[in-house]
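Remarks on the overall topology
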Amino acid sequence: MTRELVVTEVGPQALVVDRGRPGWAHIGVPPAGALDGPAHALAQRLVGNPPDAAGLEILLGGLGLRATAATTVALTGPPGGLRIRRGDDRERAAASHQPVHLAAGDVVVVPPPTSGLRGYLAVGGGIVVDEVLGSRSADTLSGLGPAPLEAGARLPVGAPTTIPPVGTGALGVSAAPDAVRVRLHLGPRADWVDDAAERLRAGTWTVAPTGDRVGVRLEGPALERAAARRGEELRSEGLVGGAVQVPPDGQPVVFLADHPTTGGYPVVGVVDPAELAAFAQLRPGSSVRFSPLVIPPV
Amino acid sequence: MDVLPAGPEALLVDLDGLDAVAAVGAALRDALDRGDLPGVVDVVPAARTVLVTAPGSRDALRAVRTLLEHVDPADVPERREAGTVELPVVYDGEDLELVARDAGWSADEVVAAHTGAELTVAFGGFAPGFAYLAGLPEALQQPRLDTPRPRIPSGSVGVAGEFGGVYPRTSPGGWRLIGRLTDDAPTLFDPDRDPPALLVPGTTVRFRDAGRP
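Just so it is clear, the model here is predicted, and its values are computed rather than measured.

The rules behind the values
- Residues numbered from 1 in each chain as written.
- Chains lettered and ligands numbered in written order.
- Predicted model: local features only at pLDDT ≥ 70, side-chain atom pairs only at ≥ 80, totals over all residues.
- Helix = DSSP H or I, 4+ residues; strand = E, 2+ residues; numbered from the N terminus.
- Rg over C-alpha atoms; globule rule 2.2 N^0.38 Å.
- Buried ≥ 20, exposed ≤ 12 C-beta atoms within 10 Å, placed from the backbone.
- Contact = placed C-beta atoms within 7 Å.
- Pairing = 2+ DSSP bridges.
- Nonpolar A, V, L, I, M, F, W, Y, C, P; charged D, E, K, R; others polar.
- Expected span 1.5 Å × (residues − 1).
- Arc of directions from axis to C-beta.
- Domains from an automatic or database assignment.
- Axes fitted to C-alpha atoms, helices over the stretch in contact; angles between N-to-C directions.
- Core = buried A, V, L, I, M, F, W, Y, C linked by C-beta atoms within 7 Å.

**As for the overall build of chain B**
On a plain count of helices and strands, chain B comes out with four helices and 13 strands. Against the 2.2 N^0.38 benchmark of 17 Å for 213 residues, chain B shows a C-alpha radius of gyration of 18 Å, consistent with a compact globule. Classification of the 213 residues of chain B by burial places 48% in the buried group. For chain B, restricting intrachain contacts to residue pairs at least 6 apart in sequence, the fraction spanning at least 24 positions comes to 62%.

And the structure:
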């Protein structure tokens, strides 16, 4: 029987993701890929997949999938659980952060998390939709890659190449925080913001409700244009993930995986790559503080 | 040439003009294609900058710095094998009259100037396959619209600032639109093609008047 996951229901958003398609920024293609990279990678490991396998990124739960063949899944991200329905009457709970075996016909449902935003579901063998420019990731900015999941969609699943790890004890998982302090490497345009290091160190910002995979807007003390740069217009320049861009209203935007490849407002600093995944899970209203750093020259 | 940090995994080379961007961008791209910059993932030329990314490899960024010491920003590369692309246009854009008025020309004169120009792809960005075209006649170098349009049909031909461009797919945008590619024009972006983008830096672009609808 064809190995597939059939989508029975979807919540606010569910996307096929892998590690993304870096390397095409020069032709306007965003990197895309899982916003919470470590959670996605852990899910793949838990089902015995190689790290480049594709899984699902599920915003605020609500996703149901029916397995057409016996398989193994694992949910990571904020702590939570899965519900497994077998037939009409039997429903059982399964914990996140461990391999869960499904029989053919089982329906697995991902409930909304109690903290954070995004769960990552891996399936043994990975989701094997066609690659676009070397990646199976959906890209919400450019529309490349598979469309967001809708009820009735059928996701092809690859043949598992290894046996899922055994003896995986319960992993210590803590709730996604609602307040973070992240390291911010100043530049390339910190000199365009008045007293950038001090203002960034002192301020506390709140995650705005408009965040998505392109970026998270922060609300708080306005970062003002440095006097020496007033009236000057920056020409669009290449952006990296984690770039903190300061538009004219002074409210910073942190760019995430589906970010445009270039942008025309000054980038005051870049969130440390090891800490960027936190922004995948920050709910609106969460608070963000920065620890500004000056990068030693290479 | 200033080299600015863009986080711990990238450098932004700040330059003083499109020619310098072409020189530095080509030197870095060629080194990347030759395999001389292991660890470098992206080389992204823009109007006055070239971004270089190398996730997890400070050594790669050091190699980039060393290479930059040997690049002459005045050494603009010859047009590469990218060659010449001719794009057929129906000049019926929503802003054709506006562009003509601001240029002090008739619509026909705008068309003549646009088709007479030999444009060069300076860099890509904004959307997959979108190319910024340098060499626009001065009268056609006009500001963006005050309010961007939420939906611009794919194939729309526009101008903004010092650049011309064509929208490869339907998207929002603020460029002044003077026409649209004909249905049989070459495909600007096809992820299954190598290279996926038709208009790569250095390509010469000429627009041809395909007549009125």
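**Things to note about the overall build of chain A**
Tallying secondary structure elements over chain A gives two helices and 20 strands in all. Expressed along its principal axes, the backbone C-alpha trace of chain A runs to roughly 70 × 35 × 35 Å. Long-range pairs, those at least 24 residues apart, make up 79% of the contacts in chain A with a sequence separation of at least 6.

**Here we look at the pairing of strand β19 (residues 267-271) of chain A**
All names here are of chain A. In terms of burial, β19 is largely enclosed, as five of its five residues are buried. Across three bridges, strand β12 (residues 179-186) lies against β19 in antiparallel orientation. When the sheet's bridge partners are listed, His185 is paired in β19 with Val270. As judged from the three bridges shared by strand β16 (residues 243-245) and β19, these two strands associate in the antiparallel manner. For Gln245, the partnering residue across the bridge sits in β19 and is Val267.

**Comments concerning the interface of chain B and chain A**
The partner chain A presents 28 residues to the 34 residues of chain B that form the contact. Where the side of chain B that touches chain A is concerned, the elements lending two or more residues are β1 (2-5), β2 (10-14), β3 (42-45), β4 (49-53) and α2 (58-69) of chain B. A class-by-class count of the residues in the side of chain B that touches chain A yields 22 nonpolar, six polar and six charged.

**Regarding α2(B)**
Residue and element names in this part refer to chain B. Between its terminal C-alpha atoms α2 stretches 17 Å, which fits the 16 Å expected from twelve residues at 1.5 Å a residue. Every buried residue of α2 is accounted for by Ala60, Leu61, Ala63 and Val64. One face of α2 carries all of its buried residues, which in axial projection span an arc of 155°. Structural note: α2 exposes Asp59, Thr66 and Glu69 on the side pointing more than 90 degrees away from its buried face. Turning to α2, the residues buried within the fold contact β2 and β4.

**Some points on the domain arrangement of chain A**
Residue and element names in this part refer to chain A. Considered domain by domain, chain A is made up of domain 1 (4-156) and domain 2 (179-293). On the side of domain 2, 15 residues touch domain 1, which itself brings 19 residues to the contact. Taken together, the residues of the side of domain 1 that touches domain 2 sort by class into ten nonpolar, six polar and three charged.

**What about the pairing of strand β5 (residues 84-90) of chain B?**
Bridge count between β5(B) and strand β13 (residues 204-209) of chain B: six bridges; the pairing is parallel. Each bridged residue has a counterpart across the sheet, and for B:Val89 the counterpart in β13(B) is B:Asp209.

**Section: the sheet that holds strand β9 (residues 107-110) of chain A**
Residues and elements named next belong to chain A. Taking strand neighbours across the sheet as the criterion, the six strands line up as β7-β6-β9-β4-β1-β11 in an open arrangement whose pairing is antiparallel. The outermost strands of the open sheet, each flanked by one partner alone, are β7 (90-95) and β11 (154-156). Geometrically, the sheet is characterised by an average inter-axis angle of 25° between neighbouring strands, direction not taken into account. Across three bridges, strand β6 (residues 81-86) lies against β9 in antiparallel orientation. Residue Arg83 lies in a different strand from β9, and its bridge partner there is Val109.

**A look at helix α4 (residues 107-116) of chain B**
Residue and element names in this part refer to chain B. If you check which residues of α4 are buried, you get Val110, Val111 and His114. Down the axis of α4, the sector holding all buried residues measures 100°, keeping them to one side. Opposite the buried face of α4, at more than 90 degrees from it, the exposed residues are Asp108 and Gly116. Packed against the buried residues of α4 are α3 (96-103), β12 (176-181) and β13.

**Overview of the sheet that holds β1(B)**
Backbone hydrogen bonds are what pair the strands of a sheet, in a parallel or an antiparallel way. Residues and elements named next belong to chain B. Pairing within the open sheet is antiparallel, and its four strands lie in the order β1-β2-β4-β3. Edge positions in the sheet fall to β1 and β3, since each of these pairs with one other strand and no more. Between one strand axis and the next, the sheet turns by 20° as a mean value, whatever way the strands run. Bridging between β2 and β4 involves five bridges; their strand directions are antiparallel. Within β4, the position partnered with Leu12 by the bridge is Leu51. Across the sheet, helix α1 (residues 18-33) is in contact with β2, β3 and β4; its angle to β3 comes to roughly 165°.

**As for unusual backbone geometry**
Here the bond from A:Gly187 into A:Pro188 is cis, since omega is 10°, no more than 30 degrees from zero. Mapped onto the elements of the fold, A:Pro188 is located in the loop between β12 and α2 (196-202). Going from B:Asp194 to B:Pro195, the amide bond is cis rather than trans, its omega being 0°. Turning to its location among the elements, B:Pro195 is positioned in the loop between β12 and β13.

**Thoughts on the nonpolar core**
Grouped together as the largest cluster of nonpolar side chains are 147 residues, with contacts concentrated most on A:Leu121, A:Ala122, B:Val52 and B:Leu133. Top element by residues in this core is α1(B). It accounts for nine residues. Look past the residues within four positions of B:Val52 in its chain and what remains in contact with it is B:Ala10, B:Leu11, B:Leu28, B:Val40, B:Asp42, B:Val43 and B:Val64.

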